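Residue-level structural notes
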Amino acid sequence: THPLLMKHEALVVPKWKPTAVEDDCMMEVGISHWSQAFHEMPEEMRQGYRLAKAMKEVCPKIVNDCDHAVGTFLTSYMFKMVIVRLYAENYYDTPDQVTKPKKDARQWAVDIYKRMEQALEKKRLSSFFIPDYNLLYDDKFGENKMLAIAYSRLCQQMLTPEKARHFYAAYM
């Protein structure tokens, strides 16, 4: 029922988890028309999403003592839920007279990691499409919460203006 979904005539579709086992009845949620939603985002926001995802992959290579496995807890779908929620909050859920944020890609990437860190601290990341569905339901997030928060903070530190400028030039 969100205006963002109605504008793009997006359909929420269930799909089986790729990690499902015989007794597992959990399903994930997929969304059709991702490209339309991303196409509508400001270019800086899309670039921020790309930068955040690239940082997730490059971060362990930059810092030798960083556990790469921690980065696997932060899934692509989680990043999508964070960016779609930020997009909705900044461009759909605010009155028309409110000035829309002017941020560069680095600032959006930092916002994504800050939101991810907050979600990890609360052990709650709601699906944008099914708000009652918690993406952090699995025990692995509770067991590795502090490592995942530290990983998110490390990625944020790598996105400081001085460091991000070189990273952006190399990978974007």
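Attention in this report is confined to the structure presented alongside it. (Residues numbered from 1 in each chain as written. Predicted model: local features only at pLDDT ≥ 70, side-chain atom pairs only at ≥ 80, totals over all residues. Heavy atoms only, no water.)

With that settled, consider the overall build of the chain. Within the chain, the secondary structure is distributed over nine helices and two strands. Listed by position from the N terminus, the elements making up the chain come as α-β-β-α-α-α-α-α-α-α-α. Counting only contacts in the chain whose residues sit at least 6 apart along the sequence, the fraction spanning at least 24 positions is 69%. Counting only carbon and sulfur atoms, one obtains 54% of the accessible surface of the chain, whose full area is about 9800 Å². (Helix = DSSP H or I, 4+ residues; strand = E, 2+ residues; numbered from the N terminus. Contact = heavy atoms within 4.5 Å. Areas by Shrake-Rupley, 256 points an atom, 1.4 Å probe, with all protein chains shown as cover.)

Now for the pattern of salt bridges. What the rule picks out here adds up to five salt bridges. With a closest N to O distance of 2.3 Å, Lys 103 and Asp 111 form a salt bridge. Classification of Lys 103 by relative accessible area gives partly exposed; the value is 26%. By relative accessible area, which is 18% here, Asp 111 ends up buried. Between Arg 153 and Glu 121 there is a salt bridge; the shortest N-O distance is 3.0 Å. Placement of Arg 153 in helix α8 (residues 145–158) and of Glu 121 in helix α6 (residues 105–122) is noted, with a sequence separation of 32 residues between them. (Salt bridge = Lys/Arg side-chain N within 4 Å of Asp/Glu carboxyl O. Buried < 20%, exposed > 50% of the residue type's maximum accessible area, 1.4 Å probe, protein only.)

A separate point is unusual backbone geometry. The phi dihedral of Lys 123 is positive, around 55 degrees, even though this residue is not glycine. Within the fold, Lys 123 resides in the loop between α6 and α7 (139–143). Relative accessible area serves as the criterion here: at 31%, Lys 123 is assigned to the partly exposed category.

Where α6 contacts α8, the two axes come as close as 9 Å, and the packing angle between them is 165 degrees. In terms of orientation, α6 lies roughly antiparallel with respect to α8. In terms of crossing hand, the pair formed by α6 and α8 is left-handed. Residues Val 110, Tyr 113, Lys 114, Met 116, Glu 117, Leu 120 and Glu 121 of α6 form the contact with α8, whose participating residues are Lys 145, Ala 148, Ile 149, Ser 152, Arg 153, Cys 155 and Gln 156. (Axes fitted to C-alpha atoms, helices over the stretch in contact; angles between N-to-C directions. Parallel < 35°, antiparallel > 145°, perpendicular 65-115°, else oblique. Left-handed = near helix turned anticlockwise from the far one by under 90°.)

What follows covers the environment of Phe 141. Considering the arrangement of structural elements, one finds Phe 141 in helix α7. Discounting chain neighbours no more than four positions away, the residues touching Phe 141 are Phe 73, Met 78, Lys 123, Leu 135 and Leu 136.

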